[in-house]
Amino acid sequence: YAFLGWFAEEDFEGDVAEKIAIGSNGNKTFYAKWQACENKLVFDANGGSGSMDNQTHTYDMPINLSINTYVRTGYIFTGWKYMDDPYTDGQLISNLSTVHDDKLTFVAQWNPITYTVHFNSNGGTGTMSEHQYNYGEVATLTKNAFTREGYDFYGWAKTATGEREYIDEEEIENGLGYTVLTRT
């Protein structure tokens, strides 16, 4: 709270100096006036895009954090972080700062989407385990383990009859699913 001064009356009216000057001798009561500190809550997209309005928080008046409106391709929003403390979307907060006009920055937290790559033999034989990759990470495709009599492995495609997109053990990003493509 910020101290706003002394007042002669309980309703914060009346001048203290005037009450001293015209009042009787003896004890006098004066009233301290306080104003609750206000802080600005600011939201940082932390790699996301979009915009969010700031919030004003008054000390001793709990409020809910704004609901996230930021987006980030390939990521899932997981909450906010202020200082080192985590906060959930819309969480009720109060009294995070005792400093008037303090700027409190809540930083969006993101987890990458995990993709699973399934390998389809497209008429061949053998097995290959699926692999998981995180969005934004570059990974090397697993070496082809499928065989097909009368065919040579040609690469990976999105569909059984699609165009080759990757060759064996090529680096991929963002974990897209591919099927084996062969040539006779």
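Residues numbered from 1 in each chain as written. Predicted model: local features only at pLDDT ≥ 70, side-chain atom pairs only at ≥ 80, totals over all residues. Heavy atoms only, no water.

Caption draft 1: Geometry of the overall build of the chain. A tally of regular secondary structure across the chain gives one helix and 16 strands. Burial status across the chain gives 29% buried among its 184 residues. Looking at the chain alone, contacts between residues at least 24 apart form 54% of all its contacts between residues at least 6 apart. Carbon and sulfur atoms make up 46% of the accessible area of the chain, which totals about 11600 Å². (Helix = DSSP H or I, 4+ residues; strand = E, 2+ residues; numbered from the N terminus. Buried < 20%, exposed > 50% of the residue type's maximum accessible area, 1.4 Å probe, protein only. Contact = heavy atoms within 4.5 Å. Areas by Shrake-Rupley, 256 points an atom, 1.4 Å probe, with all protein chains shown as cover.)

Caption draft 2: Expanded view of the nonpolar core. If you look at the biggest cluster of nonpolar residues, it comprises 15 residues, and the most contacted ones within it are Leu41, Phe43, Leu65, Tyr70, Trp80, Tyr87 and Phe106. At the level of elements, β3 (38–44), β6 (75–82) and β9 (103–112) are the ones that each hand at least two residues to this core. The element best represented in this core is β9, accounting for four residues. Ignoring sequence-local partners within four residues, the contact set of Phe43 consists of Met52, Asp53, Asn54, Gln55, Leu65, Ser66, Tyr70, Trp80 and Phe106. (Core = buried A, V, L, I, M, F, W, Y, C linked by side-chain atoms within 4.5 Å.)

Caption draft 3: How the structure looks around the packing of aromatic side chains. For the coordinates displayed, the defined rule picks out eleven aromatic pairs. Relative to Trp80, the ring of Phe77 lies with its centre 5.1 Å away and its plane at 65°, an arrangement referred to as edge-to-face. Look at Trp80 and you get buried, because its relative accessible area is 1%. Each residue in the set Phe43, Tyr70, Phe77, Trp80, Tyr82, Tyr87, Phe106 and Trp110 is aromatic and connected to the rest through ring pairs, giving one cluster. (Phe/Tyr/Trp six-rings, centres within 6.5 Å; stacked < 30°, edge-to-face > 60°.)

Caption draft 4: Seen up close, the environment of Asp60. Mapping Asp60 onto the fold places it in the loop between β4 (55–58) and β5 (63–64). Owing to a relative accessible area of 42%, Asp60 belongs among the partly exposed residues under this scheme. Separated by 22 residues in sequence, Asp60 and Glu38 have C-alpha atoms that sit 9.9 Å apart. In this structure Asp60 touches Tyr1 and Asn95, once residues within four positions along its chain are discounted. Separated by 2.7 Å, the side chains of Asp60 and Tyr1 make a polar contact. (Polar contact = N/O pair within 3.5 Å; in protein donor to acceptor, adjacent residues only side chain to side chain.)

Caption draft 5: Geometry of the pattern of salt bridges. Inspection of every chain in the model, using the stated rule, returns one salt bridge. Of the charged contacts in the structure, one is a salt bridge between Lys143 and Asp168, with a shortest N-O distance of 3.7 Å. Taken as a pair, Lys143 in the loop between β13 (138–140) and β14 (152–157) and Asp168 in the loop between β14 and β15 (171–173) lie far apart in primary sequence, 25 residues in all. Residue Asp168 is classed as partly exposed on the basis of its relative accessible area, which comes to 22%. (Salt bridge = Lys/Arg side-chain N within 4 Å of Asp/Glu carboxyl O.)

Caption draft 6: Layout of the side chain of Asn39. Looking at the element boundaries, Asn39 is found in strand β3. Under the relative-accessibility criterion, Asn39 is labelled buried at 2%. For Asn39, the side chain forms a polar contact with the main-chain oxygen of Val99, separated by 2.6 Å. Ignoring any residue separated from it by four or fewer positions in sequence, one finds Asn39 in contact with Gln55, Thr56, His57, Ser97, Val99, His100, Asp101, Asp102 and Leu104.

Caption draft 7: Representation of unusual backbone geometry. Even without glycine at this site, Asp60 takes up a positive phi of about 65°. Phi angles above zero are rare outside glycine, and Asn122 is one such case at about 50°. Inspection of the secondary structure assignment puts Asn122 in the loop between β11 (119–120) and β12 (131–134). Given the relative accessible area of 17%, Asn122 is considered buried.

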